[in-house]
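Analysis of the macromolecular model
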Amino acid sequence: MTVMLKEAEDFIRTFYDETGRSEQEMQSRLLEIESQMIKYGGYEQTSDEIIYGAKMAWRNSNKCIGRLFWQSLNVIDKRDLHTEEEIFQALLGHIQFATNEGRIRPTITIFSPQDIRIWNHQLIRYAGYETEKGIIGDPDSIAFTKKCQELGWKGNNERFDVLPLVIQTKNNQPKLFEIPKEYILEVPIRHPEHKLFEELQVKWYAVPIISSMKLEVGGITYTTAPFNGWYMGTEIGARNLADDNRYNMLPTIAEIMGLNTKSNASLWKDRALVELNAAVLFSYKEDGVSIVDHHTAAQQFKRFEANEIDAGRDVTGNWTWLIPPLSPGTTHIFHKPYNNEKKTPNYFYQPSPY
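Right, let's walk through the structure included here. Counting starts from 1 at the beginning of each chain's written sequence and moves along it residue by residue. Per-residue local features of the predicted model are confined to residues with pLDDT of at least 70, and side-chain atom pairs are confined, for both listing and counting, to 80 or more; whole-chain, interface and lining totals are unaffected and use all residues. Calculated side-chain values reflect all of the structure's heavy atoms, with hydrogen atoms and water omitted.

Note on ring pairs: Phe, Tyr and Trp rings are taken, using the six-membered ring of Trp, and paired if centres are within 6.5 Å. Classes follow the plane angle, with under 30 degrees stacked, over 60 edge-to-face and the rest tilted. A complete count under the given rule lists 20 aromatic pairs for this structure. Geometrically, the ring pair formed by phenylalanine 11 and phenylalanine 15 is stacked, given 6.0 Å between the ring centres and 15° between the ring planes. Of this pair, phenylalanine 11 and phenylalanine 15 both sit in helix 1 (residues 2-18), four residues apart, roughly one helical turn. Partly exposed describes any residue whose relative accessible area lies between the buried limit of under 20% and the exposed limit of over 50%, with all areas from a 1.4 Å probe on protein chains only and scaled to the type maximum. The buried category is assigned to phenylalanine 11, whose relative accessible area is 4%. Accessibility expressed as a relative area gives 2% for phenylalanine 15, which makes it buried. A centroid spacing of 5.7 Å and a plane angle of 40° characterise the contact between tryptophan 319 and phenylalanine 334, whose relative ring orientation is tilted. Of this pair, tryptophan 319 sits in helix 10 (residues 319-322) while phenylalanine 334 sits in the loop between helix 10 and strand 16 (346-348), placing them 15 residues apart in sequence. Where helices and strands are cited, they refer to DSSP runs of H or I of at least four residues and of E of at least two residues respectively, numbered from the N terminus.

It is worth spelling out the environment of threonine 83 at this point. With respect to the helices, strands and loops of the structure, threonine 83 is situated in the loop between strand 1 (74-78) and helix 4 (84-99). Along the backbone, threonine 83 and arginine 117 are 34 residues apart, and their C-alpha atoms lie at a distance of 11 Å. We define a polar contact as two N or O atoms separated by no more than 3.5 Å, with the added condition that, inside protein, one atom must be a possible hydrogen donor and the other a possible acceptor, whereas residues neighbouring each other in sequence contribute only through side-chain atom pairs. Only 3.2 Å separates the side chain of threonine 83 from the backbone nitrogen of glutamate 86, close enough to count as a polar contact.

Dropping the structure here:
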(Lines give C-alpha, C1' and ligand atoms only; values in the text may rest on other atoms or scores of the structure.)
Protein backbone atom coordinates (compact mmCIF):
# COMPACT_ATOMS: atom_id res chain seq x y z
CA MET A 1 0.00 0.00 0.00
CA THR A 2 2.90 2.35 0.69
CA VAL A 3 4.08 2.12 -2.95
CA MET A 4 0.55 2.68 -4.28
CA LEU A 5 0.05 5.66 -1.96
CA LYS A 6 3.32 7.23 -3.12
CA GLU A 7 2.41 6.75 -6.80
CA ALA A 8 -1.09 8.06 -6.17
CA GLU A 9 0.29 11.14 -4.41
CA ASP A 10 2.78 11.86 -7.21
CA PHE A 11 0.05 11.59 -9.83
CA ILE A 12 -2.51 13.65 -7.91
CA ARG A 13 0.01 16.44 -7.29
CA THR A 14 0.88 16.57 -10.99
CA PHE A 15 -2.76 16.35 -12.06
CA TYR A 16 -3.93 19.12 -9.74
CA ASP A 17 -0.97 21.33 -10.65
CA GLU A 18 -1.32 20.93 -14.43
CA THR A 19 -5.10 21.45 -14.38
CA GLY A 20 -4.89 24.57 -12.19
CA ARG A 21 -6.71 23.25 -9.15
CA SER A 22 -6.14 24.57 -5.65
CA GLU A 23 -3.77 23.26 -3.00
CA GLN A 24 -6.73 22.87 -0.66
CA GLU A 25 -8.61 20.66 -3.15
CA MET A 26 -5.49 18.56 -3.67
CA GLN A 27 -4.88 18.01 0.04
CA SER A 28 -8.52 17.06 0.53
CA ARG A 29 -8.31 14.52 -2.29
CA LEU A 30 -5.07 13.02 -0.92
CA LEU A 31 -6.69 12.50 2.48
CA GLU A 32 -9.66 10.86 0.78
CA ILE A 33 -7.38 8.49 -1.15
CA GLU A 34 -5.40 7.57 1.97
CA SER A 35 -8.65 6.86 3.81
CA GLN A 36 -9.85 4.58 0.99
CA MET A 37 -6.56 2.70 1.00
CA ILE A 38 -6.69 2.11 4.75
CA LYS A 39 -10.28 0.90 4.52
CA TYR A 40 -10.23 -1.05 1.24
CA GLY A 41 -6.56 -1.62 0.38
CA GLY A 42 -6.89 0.55 -2.72
CA TYR A 43 -8.74 3.54 -4.13
CA GLU A 44 -10.95 4.46 -7.07
CA GLN A 45 -9.97 7.23 -9.43
CA THR A 46 -12.44 9.90 -10.50
CA SER A 47 -13.42 10.30 -14.15
CA ASP A 48 -11.37 13.50 -14.38
CA GLU A 49 -8.32 11.75 -12.93
CA ILE A 50 -8.50 8.78 -15.26
CA ILE A 51 -9.10 10.99 -18.31
CA TYR A 52 -6.06 13.14 -17.58
CA GLY A 53 -3.99 10.14 -16.52
CA ALA A 54 -4.59 8.38 -19.85
CA LYS A 55 -3.55 11.54 -21.71
CA MET A 56 -0.40 11.83 -19.58
CA ALA A 57 0.37 8.19 -20.37
CA TRP A 58 0.38 9.04 -24.08
CA ARG A 59 2.59 12.06 -23.38
CA ASN A 60 5.04 9.79 -21.55
CA SER A 61 5.11 7.06 -24.23
CA ASN A 62 8.76 7.01 -25.22
CA LYS A 63 8.24 4.89 -28.35
CA CYS A 64 5.52 7.10 -29.86
CA ILE A 65 6.35 9.78 -32.44
CA GLY A 66 2.76 11.10 -32.44
CA ARG A 67 2.67 12.61 -28.95
CA LEU A 68 1.97 16.16 -30.12
CA PHE A 69 -1.72 15.28 -29.98
CA TRP A 70 -1.78 13.83 -26.45
CA GLN A 71 -4.33 16.35 -25.22
CA SER A 72 -6.81 15.35 -27.95
CA LEU A 73 -7.16 11.75 -26.72
CA ASN A 74 -10.79 10.70 -26.33
CA VAL A 75 -11.16 8.74 -23.08
CA ILE A 76 -14.10 6.35 -22.70
CA ASP A 77 -14.63 5.20 -19.11
CA LYS A 78 -16.14 1.71 -19.04
CA ARG A 79 -14.99 0.61 -15.58
CA ASP A 80 -18.56 -0.38 -14.69
CA LEU A 81 -18.67 -3.24 -17.22
CA HIS A 82 -17.86 -6.81 -16.16
CA THR A 83 -19.48 -9.36 -18.52
CA GLU A 84 -17.88 -10.50 -21.77
CA GLU A 85 -20.89 -9.39 -23.82
CA GLU A 86 -20.88 -5.90 -22.29
CA ILE A 87 -17.14 -5.59 -22.93
CA PHE A 88 -17.55 -6.78 -26.54
CA GLN A 89 -20.24 -4.17 -27.20
CA ALA A 90 -17.98 -1.49 -25.71
CA LEU A 91 -15.14 -2.60 -28.00
CA LEU A 92 -17.42 -2.34 -31.02
CA GLY A 93 -18.31 1.15 -29.81
CA HIS A 94 -14.61 2.00 -29.60
CA ILE A 95 -13.93 0.72 -33.12
CA GLN A 96 -16.86 2.68 -34.54
CA PHE A 97 -16.07 5.91 -32.67
CA ALA A 98 -12.33 5.77 -33.44
CA THR A 99 -12.84 4.88 -37.12
CA ASN A 100 -15.30 7.76 -37.65
CA GLU A 101 -15.68 6.88 -41.37
CA GLY A 102 -11.96 7.37 -41.87
CA ARG A 103 -11.47 10.63 -39.94
CA ILE A 104 -9.76 8.72 -37.17
CA ARG A 105 -10.08 9.90 -33.58
CA PRO A 106 -7.38 9.01 -31.00
CA THR A 107 -9.29 6.98 -28.42
CA ILE A 108 -8.83 4.82 -25.34
CA THR A 109 -11.47 2.71 -23.59
CA ILE A 110 -10.63 1.92 -19.97
CA PHE A 111 -12.16 -1.09 -18.26
CA SER A 112 -12.17 -2.19 -14.63
CA PRO A 113 -8.70 -2.99 -13.25
CA GLN A 114 -10.11 -6.26 -11.91
CA ASP A 115 -9.82 -9.52 -13.83
CA ILE A 116 -10.45 -8.53 -17.45
CA ARG A 117 -8.14 -9.38 -20.36
CA ILE A 118 -8.41 -9.07 -24.12
CA TRP A 119 -6.24 -11.75 -25.70
CA ASN A 120 -5.77 -9.88 -29.00
CA HIS A 121 -2.68 -7.77 -29.62
CA GLN A 122 -4.84 -5.35 -31.61
CA LEU A 123 -8.62 -5.27 -31.82
CA ILE A 124 -8.38 -5.60 -35.61
CA ARG A 125 -5.67 -7.83 -37.00
CA TYR A 126 -5.23 -10.41 -39.72
CA ALA A 127 -4.90 -14.15 -39.09
CA GLY A 128 -1.85 -16.23 -39.98
CA TYR A 129 -2.11 -19.87 -41.06
CA GLU A 130 0.62 -22.48 -41.35
CA THR A 131 -0.18 -24.69 -44.34
CA GLU A 132 1.57 -27.31 -46.46
CA LYS A 133 2.07 -24.62 -49.10
CA GLY A 134 3.59 -22.17 -46.62
CA ILE A 135 2.22 -19.39 -44.45
CA ILE A 136 -0.99 -17.67 -45.53
CA GLY A 137 -1.74 -14.28 -43.99
CA ASP A 138 0.25 -12.56 -41.26
CA PRO A 139 3.05 -14.71 -39.82
CA ASP A 140 3.02 -12.59 -36.66
CA SER A 141 -0.49 -13.85 -35.88
CA ILE A 142 0.16 -17.59 -36.18
CA ALA A 143 0.25 -18.39 -32.45
CA PHE A 144 -2.89 -16.37 -31.68
CA THR A 145 -4.69 -17.77 -34.72
CA LYS A 146 -4.04 -21.29 -33.41
CA LYS A 147 -5.49 -20.30 -30.03
CA CYS A 148 -8.60 -18.95 -31.75
CA GLN A 149 -8.95 -22.21 -33.69
CA GLU A 150 -8.61 -24.20 -30.45
CA LEU A 151 -11.47 -22.10 -29.09
CA GLY A 152 -13.63 -23.05 -32.07
CA TRP A 153 -12.96 -20.30 -34.61
CA LYS A 154 -12.82 -21.26 -38.28
CA GLY A 155 -11.12 -18.78 -40.56
CA ASN A 156 -11.21 -18.78 -44.36
CA ASN A 157 -7.49 -19.52 -44.79
CA GLU A 158 -7.10 -16.29 -46.76
CA ARG A 159 -4.43 -13.58 -46.55
CA PHE A 160 -6.58 -10.93 -44.86
CA ASP A 161 -8.97 -12.73 -42.52
CA VAL A 162 -9.84 -10.51 -39.56
CA LEU A 163 -9.38 -12.40 -36.29
CA PRO A 164 -12.17 -12.60 -33.71
CA LEU A 165 -11.99 -10.82 -30.37
CA VAL A 166 -11.12 -13.06 -27.42
CA ILE A 167 -12.30 -11.73 -24.06
CA GLN A 168 -11.67 -13.32 -20.66
CA THR A 169 -13.09 -12.28 -17.30
CA LYS A 170 -11.70 -13.56 -14.01
CA ASN A 171 -10.77 -17.25 -14.34
CA ASN A 172 -13.61 -18.02 -16.75
CA GLN A 173 -13.06 -19.65 -20.10
CA PRO A 174 -12.27 -17.00 -22.76
CA LYS A 175 -15.08 -16.18 -25.16
CA LEU A 176 -14.86 -15.57 -28.93
CA PHE A 177 -16.69 -12.72 -30.64
CA GLU A 178 -16.67 -12.09 -34.40
CA ILE A 179 -16.41 -8.42 -35.34
CA PRO A 180 -19.24 -7.58 -37.78
CA LYS A 181 -17.78 -6.58 -41.16
CA GLU A 182 -19.52 -3.21 -41.15
CA TYR A 183 -17.32 -2.13 -38.22
CA ILE A 184 -14.05 -2.81 -40.07
CA LEU A 185 -12.77 -0.17 -42.47
CA GLU A 186 -10.07 -1.47 -44.81
CA VAL A 187 -8.04 0.25 -47.52
CA PRO A 188 -7.13 -1.50 -50.80
CA ILE A 189 -3.51 -0.64 -51.61
CA ARG A 190 -2.90 0.80 -55.07
CA HIS A 191 -0.24 3.01 -56.63
CA PRO A 192 -0.81 6.30 -58.47
CA GLU A 193 1.47 5.22 -61.35
CA HIS A 194 2.14 1.46 -61.17
CA LYS A 195 -1.31 0.03 -61.93
CA LEU A 196 -0.07 -3.54 -61.43
CA PHE A 197 -0.13 -2.89 -57.68
CA GLU A 198 -3.89 -3.35 -57.76
CA GLU A 199 -3.52 -6.89 -59.09
CA LEU A 200 -1.71 -7.87 -55.89
CA GLN A 201 -5.03 -7.39 -54.03
CA VAL A 202 -3.30 -6.15 -50.90
CA LYS A 203 -5.18 -4.20 -48.26
CA TRP A 204 -4.79 -3.02 -44.68
CA TYR A 205 -7.16 -1.94 -41.92
CA ALA A 206 -7.69 1.72 -41.09
CA VAL A 207 -7.20 1.87 -37.33
CA PRO A 208 -4.41 0.32 -35.21
CA ILE A 209 -6.04 -0.30 -31.81
CA ILE A 210 -3.49 -1.75 -29.37
CA SER A 211 -5.24 -4.01 -26.86
CA SER A 212 -2.45 -6.04 -25.24
CA MET A 213 -0.80 -3.34 -23.11
CA LYS A 214 -1.67 -2.20 -19.60
CA LEU A 215 -2.24 1.36 -18.46
CA GLU A 216 -0.70 2.45 -15.16
CA VAL A 217 -2.05 5.62 -13.54
CA GLY A 218 -1.42 6.73 -9.97
CA GLY A 219 -0.57 3.26 -8.65
CA ILE A 220 -3.54 1.54 -10.33
CA THR A 221 -3.00 -0.93 -13.18
CA TYR A 222 -5.67 -1.25 -15.87
CA THR A 223 -4.89 -4.51 -17.69
CA THR A 224 -7.52 -3.81 -20.34
CA ALA A 225 -7.36 -0.35 -21.90
CA PRO A 226 -7.27 -0.56 -25.72
CA PHE A 227 -6.07 2.64 -27.40
CA ASN A 228 -5.40 4.01 -30.86
CA GLY A 229 -4.09 6.91 -32.85
CA TRP A 230 -3.81 6.83 -36.63
CA TYR A 231 -1.17 5.10 -38.70
CA MET A 232 2.15 6.55 -39.74
CA GLY A 233 2.54 5.23 -43.28
CA THR A 234 5.81 3.40 -42.63
CA GLU A 235 4.16 1.20 -39.99
CA ILE A 236 2.25 -0.41 -42.85
CA GLY A 237 4.51 0.16 -45.84
CA ALA A 238 7.93 -0.42 -44.25
CA ARG A 239 7.00 -2.97 -41.60
CA ASN A 240 3.66 -4.83 -41.79
CA LEU A 241 3.72 -5.35 -45.55
CA ALA A 242 7.50 -5.20 -46.08
CA ASP A 243 9.27 -7.16 -43.31
CA ASP A 244 10.35 -10.60 -44.47
CA ASN A 245 8.81 -12.09 -41.32
CA ARG A 246 5.48 -10.39 -42.07
CA TYR A 247 3.85 -10.06 -45.53
CA ASN A 248 7.24 -9.82 -47.31
CA MET A 249 5.92 -7.86 -50.31
CA LEU A 250 9.19 -6.33 -51.51
CA PRO A 251 10.28 -9.15 -53.89
CA THR A 252 6.84 -9.20 -55.52
CA ILE A 253 6.77 -5.42 -55.90
CA ALA A 254 10.30 -5.40 -57.32
CA GLU A 255 9.20 -7.96 -59.88
CA ILE A 256 6.19 -5.96 -61.10
CA MET A 257 8.42 -2.87 -61.27
CA GLY A 258 10.98 -4.76 -63.37
CA LEU A 259 13.84 -4.20 -60.93
CA ASN A 260 17.08 -6.19 -60.90
CA THR A 261 16.79 -8.37 -57.79
CA LYS A 262 19.99 -10.34 -58.46
CA SER A 263 22.26 -7.68 -56.97
CA ASN A 264 21.91 -5.75 -53.73
CA ALA A 265 23.82 -2.95 -55.42
CA SER A 266 20.80 -2.23 -57.63
CA LEU A 267 19.07 -1.04 -54.44
CA TRP A 268 15.95 -2.91 -55.52
CA LYS A 269 14.76 -3.28 -51.93
CA ASP A 270 15.05 0.47 -51.33
CA ARG A 271 13.25 1.35 -54.56
CA ALA A 272 10.47 -1.17 -53.95
CA LEU A 273 10.16 0.05 -50.35
CA VAL A 274 9.72 3.69 -51.38
CA GLU A 275 7.03 2.81 -53.91
CA LEU A 276 5.19 0.56 -51.45
CA ASN A 277 5.13 3.39 -48.93
CA ALA A 278 4.01 5.83 -51.62
CA ALA A 279 1.20 3.42 -52.47
CA VAL A 280 0.07 3.16 -48.84
CA LEU A 281 -0.05 6.95 -48.38
CA PHE A 282 -1.79 7.44 -51.73
CA SER A 283 -4.42 4.78 -50.98
CA TYR A 284 -5.31 6.03 -47.50
CA LYS A 285 -5.51 9.64 -48.66
CA GLU A 286 -7.60 8.71 -51.71
CA ASP A 287 -10.03 6.88 -49.44
CA GLY A 288 -10.19 9.73 -46.92
CA VAL A 289 -8.58 7.70 -44.11
CA SER A 290 -6.32 9.52 -41.66
CA ILE A 291 -2.62 8.74 -42.03
CA VAL A 292 0.64 10.66 -41.67
CA ASP A 293 3.92 10.34 -43.57
CA HIS A 294 7.10 9.98 -41.54
CA HIS A 295 8.52 13.38 -42.49
CA THR A 296 5.40 15.18 -41.27
CA ALA A 297 5.31 13.01 -38.14
CA ALA A 298 8.91 13.97 -37.35
CA GLN A 299 8.06 17.66 -37.75
CA GLN A 300 5.09 17.18 -35.41
CA PHE A 301 7.36 15.49 -32.87
CA LYS A 302 9.71 18.47 -33.04
CA ARG A 303 6.77 20.71 -32.08
CA PHE A 304 5.94 18.33 -29.24
CA GLU A 305 9.52 18.62 -27.96
CA ALA A 306 9.30 22.41 -28.03
CA ASN A 307 5.95 22.38 -26.22
CA GLU A 308 7.32 20.13 -23.48
CA ILE A 309 10.36 22.33 -22.95
CA ASP A 310 8.10 25.39 -22.76
CA ALA A 311 6.03 23.57 -20.12
CA GLY A 312 9.16 22.85 -18.08
CA ARG A 313 9.10 19.10 -18.71
CA ASP A 314 11.96 16.90 -19.92
CA VAL A 315 11.41 15.10 -23.22
CA THR A 316 11.94 11.36 -22.95
CA GLY A 317 12.12 9.01 -25.90
CA ASN A 318 13.28 5.66 -27.23
CA TRP A 319 15.48 6.62 -30.19
CA THR A 320 15.31 3.21 -31.85
CA TRP A 321 11.50 3.48 -32.02
CA LEU A 322 11.23 7.19 -32.79
CA ILE A 323 13.34 7.07 -35.94
CA PRO A 324 11.20 5.99 -38.91
CA PRO A 325 12.19 2.74 -40.69
CA LEU A 326 12.41 4.61 -44.01
CA SER A 327 15.03 7.35 -44.59
CA PRO A 328 15.56 8.04 -40.87
CA GLY A 329 18.57 10.26 -41.59
CA THR A 330 16.28 12.83 -43.22
CA THR A 331 14.61 13.55 -39.85
CA HIS A 332 16.00 15.58 -36.95
CA ILE A 333 15.31 12.66 -34.60
CA PHE A 334 18.11 10.61 -36.16
CA HIS A 335 20.70 13.21 -35.24
CA LYS A 336 20.02 13.67 -31.52
CA PRO A 337 20.01 11.52 -28.38
CA TYR A 338 16.98 10.95 -26.17
CA ASN A 339 16.66 10.04 -22.52
CA ASN A 340 14.73 6.74 -22.36
CA GLU A 341 13.66 7.18 -18.72
CA LYS A 342 10.21 5.65 -18.23
CA LYS A 343 7.73 7.90 -16.44
CA THR A 344 4.24 7.16 -15.18
CA PRO A 345 1.40 7.34 -16.02
CA ASN A 346 2.31 5.17 -19.01
CA TYR A 347 1.43 2.15 -21.12
CA PHE A 348 3.45 -1.01 -20.46
CA TYR A 349 3.78 -4.46 -21.96
CA GLN A 350 2.33 -7.30 -19.90
CA PRO A 351 2.58 -11.11 -20.08
CA SER A 352 0.39 -12.76 -22.69
CA PRO A 353 -2.75 -14.33 -21.18
CA TYR A 354 -2.32 -17.45 -23.34
